[in-house]
Structures are given as structure tokens and as C-alpha cells.
Amino acid sequence: MSDTIFALSSGPAPAGIAVIRLSGPNALAALQSLVTSPSDRAKCTPRPRHAHRRKLYRPNPEFIAGPIPGSEVLDDALILFFPGPASFTGEDVVELHCHGGAATIAAVLQALGQYPDCRLAEAGEFSRRAFANGNMDLTEAEALSDLIAAETEAQRRLALRLATGAGHDRYQDWTDRLVRILALIEAAVDFPEDDLPPDMLDQNANAIASLIAEWEQDIRLGALSSAIRDGVRVAIVGSPNVGKSSLLNKLAGRDAAIVSEIAGTTRDVIEVRLDLGGYAVTLSDTAGLRDTPDAVEGEGVRRARATAESADIILWVSDDPMVFDMPAPFGVLDTIPVFQLLTKCDLVSAPSQWLDDPNRFGISSVTGVGLQDLLSAITSVCAERYGQATAAVAVRARHREALSRASEALEASLAQPELALSGEDIRVALMEMGRITGRVDVETVLDVVFQEFCIGK
Ligand SMILES: Nc1nc2c(ncn2[C@@H]2O[C@H](COP(=O)(O)OP(=O)(O)OP(=O)(O)O)[C@@H](O)[C@H]2O)c(=O)[nH]1
Ligand SMILES: [Mg+2]
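Residues numbered from 1 in each chain as written. Chains lettered and ligands numbered in written order. Predicted model: local features only at pLDDT ≥ 70, side-chain atom pairs only at ≥ 80, totals over all residues. Heavy atoms only, no water.

Undergrad: Give a description of the site of ligand 1 that names residues and reports values.
TA: If you check the shell around ligand 1, you find 22 residues, and the closest are Lys244, Ser246, Gly264, Thr265 and Thr266. Between ligand 1 and the protein, one listed contact pairs an oxygen atom with a backbone N or O atom of Gly264 at 2.7 Å. Relative to its unbound accessible area of 640 Å², ligand 1 is 87% covered by the protein chains. Class assignment for the residues of the shell around ligand 1 results in 7 nonpolar, 11 polar and 4 charged. (Near = heavy atom within 4 Å. Polar contact = N/O pair within 3.5 Å; in protein donor to acceptor, adjacent residues only side chain to side chain. Areas by Shrake-Rupley, 256 points an atom, 1.4 Å probe, with all protein chains shown as cover. Nonpolar A, V, L, I, M, F, W, Y, C, P; charged D, E, K, R; others polar.)

Undergrad: Just give me the short version of the sheet that holds strand β8 (residues 270-276), but keep the residues and values in it.
TA: Within a sheet, adjacent strands bond to each other through the backbone by hydrogen bonds, running parallel or antiparallel. Spatially, the 6 strands line up as an open sheet ordered β8-β9-β7-β10-β11-β12, and their pairing is mixed. Pairing within the sheet leaves two strands with one partner each, and these edge strands are β8 and β12 (360-362). Sheet twist, expressed as the mean angle between neighbouring strand axes with direction ignored, is 25°. When strand β10 (residues 313-318) meets strand β11 (residues 338-342), the two strands line up parallel, connected through 5 bridges. Directly across from Ile314, in β11, lies its bridge partner Val338. Along the sheet, helix α7 (residues 200-230) contacts β7 (232-238), β8 and β9 (279-285); its crossing angle with β9, the most-contacted strand, is approximately 80°. (Pairing = 2+ DSSP bridges. Helix = DSSP H or I, 4+ residues; strand = E, 2+ residues; numbered from the N terminus. Axes fitted to C-alpha atoms, helices over the stretch in contact; angles between N-to-C directions. Contact = heavy atoms within 4.5 Å.)

Undergrad: With reference to specific residues and values, describe the coordination of the magnesium ion (ligand 2).
TA: The protein atoms that coordinate the magnesium ion (ligand 2) are Ser245 (OG) and Thr266 (OG1), at distances spanning 2.0 Å. Taken as a pair, Ser245 in helix α8 (residues 244-252) and Thr266 in the loop between α8 and β8 lie far apart in primary sequence, 21 residues in all. With a relative accessible area of 9%, Ser245 lands in the buried category. Overall, the relative accessible area of 11% leaves Thr266 in the buried class. (Donors = N, O, S within 2.8 Å, 3.2 Å for Na, K, Ca; no water. Buried < 20%, exposed > 50% of the residue type's maximum accessible area, 1.4 Å probe, protein only.)

Undergrad: So what's going on with the sheet that holds strand β6 (residues 118-120)? Which residues, and what values?
TA: With mixed pairing, the 6 strands of this open sheet are ordered in space as β3-β4-β5-β2-β1-β6. The sheet is open, and its two borders are formed by β3 (52-57) and β6, each paired with just one other strand. Across this sheet, the average inter-strand angle for adjacent strands is 30°, counted without regard to direction. One ladder, built from 8 bridges, connects strand β2 (residues 15-23) with strand β5 (residues 93-100); its direction is antiparallel. In the sheet register, Ala15 faces β5, and the bridge partner there is Gly100. Docked against the sheet, helix α1 (residues 27-35) engages β1 (4-8), β2, β3, β4 (73-82), β5 and β6, running at close to 70° with respect to β3. Together, β1, β2, β3, β4, β5 and β6 form the strand contacts of helix α2 (residues 102-113), whose direction differs from that of β5 by roughly 150°.

Undergrad: Account for unusual backbone geometry, with residues named and values stated.
TA: In this model, Ala13 is joined to Pro14 through a cis peptide bond whose omega is -5°. Residue position: Pro14 is located in the loop between β1 and β2. Backbone torsion omega between Gly84 and Pro85 reads 0°, so that peptide bond is classified as cis. Relative to the assigned elements, Pro85 resides in the loop between β4 and β5. For Lys344, which is not a glycine, the phi torsion comes out positive at approximately 60°.

Undergrad: Requested: an account of the nonpolar core, with residues and values cited.
TA: Formed by 60 residues in total, the largest nonpolar core has its most connected members in Trp215, Leu315 and Phe339. Considering each element in turn, this core owes the most residues, 8 residues, to helix α10 (residues 371-386). Here this core spans two domains, and each of domain 2 (153-227 + 399-453) and domain 3 (231-389) adds at least three residues to it. Apart from the residues lying within four places of it in its own chain, the contact partners of Leu315 are Val234, Ala235, Ile236, Val237, Leu247, Leu283, Phe339, Leu341, Leu374 and Ile378. Formed by 27 residues, the second largest nonpolar core is a distinct cluster that contains Leu74, Leu96, Cys98 and Leu112. (Core = buried A, V, L, I, M, F, W, Y, C linked by side-chain atoms within 4.5 Å. Domains from an automatic or database assignment.)

Undergrad: Account for the pattern of salt bridges, naming residues and giving values.
TA: With the rule as written, the count across this model stands at 27 salt bridges. Close ionic contact of Arg177 with Glu214 constitutes a salt bridge, the shortest N to O distance being 2.8 Å. Linking Arg177 in helix α6 (residues 166-190) with Glu214 in helix α7, this pair joins segments that are 37 residues apart in sequence. Given a relative accessible area of 31%, Glu214 falls into the partly exposed group. (Salt bridge = Lys/Arg side-chain N within 4 Å of Asp/Glu carboxyl O.)

Undergrad: Describe the packing of aromatic side chains, naming the residues involved and giving the relevant values.
TA: The final tally for this structure, using the stated rule, is 5 aromatic pairs. Ring centres of Tyr171 and Trp174 lie 5.5 Å apart, and the angle between their planes is 75°; on these two criteria the pair is classed as edge-to-face. Here Tyr171 and its partner Trp174 are both found in helix α6, 3 residues apart, which amounts to about one turn of the helix. A relative accessible area of 0% means that Tyr171 is categorised as buried. Ring geometry for Trp316 against Phe324: centres 5.0 Å apart, planes inclined by 90°, an arrangement best described as edge-to-face. A relative accessible area of 5% places Trp316 in the buried class. Residue Phe324 is classed as buried on the basis of its relative accessible area, which comes to 5%. Members of the aromatic cluster, joined through ring pairs, are Tyr171, Trp174 and Trp215. Sitting above the plane of the Phe126 ring, Arg21 keeps its charged end 4.5 Å from the centroid. (Phe/Tyr/Trp six-rings, centres within 6.5 Å; stacked < 30°, edge-to-face > 60°. Lys NZ or Arg CZ within 6 Å of the ring centre and 35° of its normal.)

Below, the structure is given as C-alpha cells:
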């Protein structure tokens, strides 16, 4: 019999309410030991999924006897009981909604820890049990942890869709299609003389080609989705003293970077996180780009270039409109948007002709002029480039690696001279699906489906 686990499931104390969750075979009994004496025990079998208000008592050390009559009240709480298997973990689950003070939480946790076979849960153990009991697959477990970590609207949408089974369904569909392909191949190998559909092999080749195409698309979109999960990287780069750090501070709303009139102030890469229209953005301030004999500043310049090269969007900053006529002082990547920012527009305004290009902005970190337009432009780029990524299911590198291995296996199967060998390649692809979802039950599924094709036998 497995242990019963418990943990504080809500945020840290102090808070209005703290939710302590228990899961396992002794969850109900442990609850009963806190709320009632043995003779009353029947009274405390809470109605499933209904909230009850109960006093929690410091339990009798003998446990079996329940709280000692008149013993100390630990808290006045709401209790909920979710009998397995229709619970989050698939086991009996109890929730105690206590007062959210540190001492209350500690006292209740300590009382629960004394119950036989009850112990504090390890990190992720509730979800692990839900996975083990078939209540969620690996993609849903991963998405649940993303949902809990989500800070912005786009992160929430992406994670919620996958946590509620969108990834599970898509991988299941791909698995079902692979199983059908394999079943047809095996039927053709085992019963060549039977009357199989004449165009079966063509149909199979088409089915394989569409899977490869769908995976390629998902790998591409899934790679973009990492910008949603990890944040879109926006790098502020340009010559020294043009106002890069001032811009960062203004957008962050705090003095994150040192600003001075001395050229070469910034050395390290300074990052702030912003939420722009629901997209998480990591904005990086960098050292001004120039040749310098100073070794420390030189290292700063090297880091600035590296930051520019790995950015998703570059803000190329200058306080002189002529500078933009020259090639940008970093390896310009045609594939990413580069916005040109003319700073200090409170002192001199940007020439109106220069501003005709929608990728150019005249800004001032002193008056704030132009910043709203700049932020809107960054948000639009995020929505355009990354909005479609929320349709992907291969949102983790782990998924994309497995999908591309599966894709390679399908390519190989198309090239096989012998049917039996191409079946082996399809099995490899199926194993990769199983790796992604954590469910490798290819043979069982195959048995069921294969019967359909067992023509006349
Ligand atoms: N009037 C005005 N002055 C600005 C503006 N932005 C920056 N400055 C001034 O320009 C000088 C340099 O600003 P910083 O933000 O430190 O420039 P930087 O590009 O980070 O400089 P380095 O870190 O040395 O590369 C400071 O004296 C700022 O006060 C602006 O929009 N208007
Ligand atoms: Mg600076």
C-alpha cells in the first residue's frame, strides 16, 4: 500500500486561507483523526465534493482513538473529500482549507505527519500519482507545471490548452494513425494472399507523408512557442552614451541600470522582464558598442554582441539620425525585426521624413515621447510572430526532438525495399510518440486494431 502524502498546496504564509491537500489510502482516516472522536466517526464521512465546516483538534497520540475529548483546537476549517478514482491523483484526496497563518499551517502539518503512513509529499508527487494512475499523460503534467508558472496571458493560454488535453489528443491522434498504418503493413506481410485493398500501399504512403508534414509544422511552431514560455528576447544595442540604459529604466519603471553621461557606463547585460500585451518580454540593456583598449569594457562589448545575436527583436539605438545610414554595428540577422530608435527627442526632434519608415521611432526617456508607439510595435511583432505558436503541441525541446526522430523513422520507412522493414520504422515512430506522452502501450493498441484487418481469419 502506498503512503498517504500531504502538503501545503496554496502559496506561502501568511495568507487568508491555506489549502493543505492529502492523497492516498489513509487520507480520509487521517482527516477523521483530526475532526472527531471514534464514536462520532460515522458523522465525519464528508459528502464527496461538498464543503463542511469542522474544528480540527490536536490528535490523540494513539490515533485510533481520535482527538482526546476537550483537546486543543488547532483550527476552524473547511474540509472537502474527493474519493478516488474520480480525484486529481486518482486516489482518495482530502483538502483542508485552514487559516493561512504560518503557525496554523505548521500545527496542522505536524498533526498530519503523526498519522501512520502519512508523510510530507515530495516535489511534484501529487502530479506524479495522477500520471501513474492514468489521470494525465506527461504532456499534461508538463503543461500543468507551466500553467502554475504562467505569468502572462499568452503563457496562460498556451499552458491551459495543453493542460486540458489538447496535446494529449493530438499525440493520441498521431498514435492512432501510426497504428493503422502499421496494422495495414502487418496485414500485407502476414496475409499477402488475402484480398487487401489494392491501393493500400499508396494510401499508406500518403498517410505517412501527411504525418511528416504535420510534424514539421508542429516542430516549427513549437520552437516559436519557447519565446512565449521563456519570454521574447528584446536587446537594446547601439553606441555608447546614446541612452540605452535610460530607455531600459523608463520601460521597466525603475532604476535597474546605472545611467551617466560617461560613455561606457554599462558593462554587464542587464535584464528586466516586462509583460507586453500578454507576452513575456526579456528586455536586455547592453554595453555601448565600440573598439576599446579597456579589457573590462571589451568583455562588455563582446557580451553585447552575443546578446544581439541571440535576440528575437533588436532595438538599435542612436542619438544621431545619420548613424542609421551606416551598416548596423552587429551581425544583422535578416530573420529578426530590427527597430531603429532615435533617442533624446526632447532635445532635437526626429526628422519627419526619417520617421516615414514604420520601423523607426523618435523617443525620449525624459518626456516619454514615442515610447507607447514603440511598445505597441513590439507587441504587434510578438503577436504576429508568436501568436500562431499557441496552436503547437511540441512546446518543449524534448517533444520536438522525439517528433523529428519519429519523422526520420517515417522517411526511412518510405525508402525501405521490404514491407516488413518499413513496419519496423513505423514501430520506432510509435515508440517516440510513447516517449512524449509517457504511454508506451503500442502492442495492446495494435492487437485491438489489428483484428479489424485480420481479413476473414
Ligand atoms: N535629454 C535626454 N537625455 C538623455 C536621454 N536618454 C539618455 N540621456 C542622457 O544621456 C546620457 C547617457 O545615458 P545612458 O542611458 O547612460 O546611455 P547608454 O547608452 O546606456 O550609455 P553606455 O552605457 O555608456 O553605453 C545620460 O547623461 C542621460 O541622462 C533622453 O531621452 N533625453
Ligand atoms: Mg548604459
